[in-house]
Amino acid sequence: MTKRRRLSFANAVILLCVAMSGAITAAVVYEYHRLDTVLPAGVVTVLLGLWGGELLIVALRQIFGSDAVGRGRGQSEDDTPSI
């Protein structure tokens, strides 16, 4: 039960990060569109860094996190989920 709860908490944190990143990106793009101004390179760089950081969190969770636990020991090939 605690492992299931931990997985759902990790999923909730990642979902919250993606939602906040989307809200920030939408607000910035909308504001520059409303002002009829071109997005400066610095703003685009920060937005790409924000999304790159989120992708890094997801990738590290897949490699080292709770999704990788249980793959190595004690799990047969029949128990592995199909993608």
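Coordinates for the structure precede this section.
What comes next concerns the included structure.

About the thresholds
Residues numbered from 1 in each chain as written. Predicted model: local features only at pLDDT ≥ 70, side-chain atom pairs only at ≥ 80, totals over all residues. Heavy atoms only, no water. Helix = DSSP H or I, 4+ residues; strand = E, 2+ residues; numbered from the N terminus. Expected span 1.5 Å × (residues − 1). Buried < 20%, exposed > 50% of the residue type's maximum accessible area, 1.4 Å probe, protein only. Patch = residues over 30% accessible without salt bridge, like charges linked within 9 Å, V, L, I, M, F, W, Y side chains within 5 Å. Areas by Shrake-Rupley, 256 points an atom, 1.4 Å probe, with all protein chains shown as cover. Salt bridge = Lys/Arg side-chain N within 4 Å of Asp/Glu carboxyl O. Contact = heavy atoms within 4.5 Å.

### Details of helix 2 (residues 41-64)
- Between its first and last C-alpha, helix 2 extends 33 Å over 24 residues, near the 34 Å set by a 1.5 Å rise per residue.
- Looking at helix 2, one finds that the buried residues are V43, L47, E54 and R61.

### Remarks on unusual backbone geometry
- Backbone geometry at D36 places phi at a positive 55 degrees, although glycine is not the residue there.
- Along the polypeptide, D36 turns up in the loop between helix 1 (2-34) and helix 2.
- Residue classification places D36 among the exposed residues on the basis of a relative accessible area of 71%.

### Comments concerning a nonpolar patch on the surface
- A contiguous nonpolar patch, built from L16, V18, M20, I24, L50 and W51 and spanning about 500 Å² of accessible area, is present on the exposed surface.
- The set of elements that each furnish at least two residues to the nonpolar patch consists of helix 1 and helix 2.
- Considering every element that reaches the nonpolar patch, the biggest residue donor is helix 1, with four residues.
- Relative to the helices and strands, L16 is located in helix 1.

### Here we look at the environment of W51
- Here W51 is to be found in helix 2.
- Remark: the alpha-carbon pair of W51 and C17, spanning 34 residues in sequence, is separated by 9.7 Å.
- Setting aside anything within four residues of it in sequence, one finds W51 in contact with V18, S21, G22 and T25.

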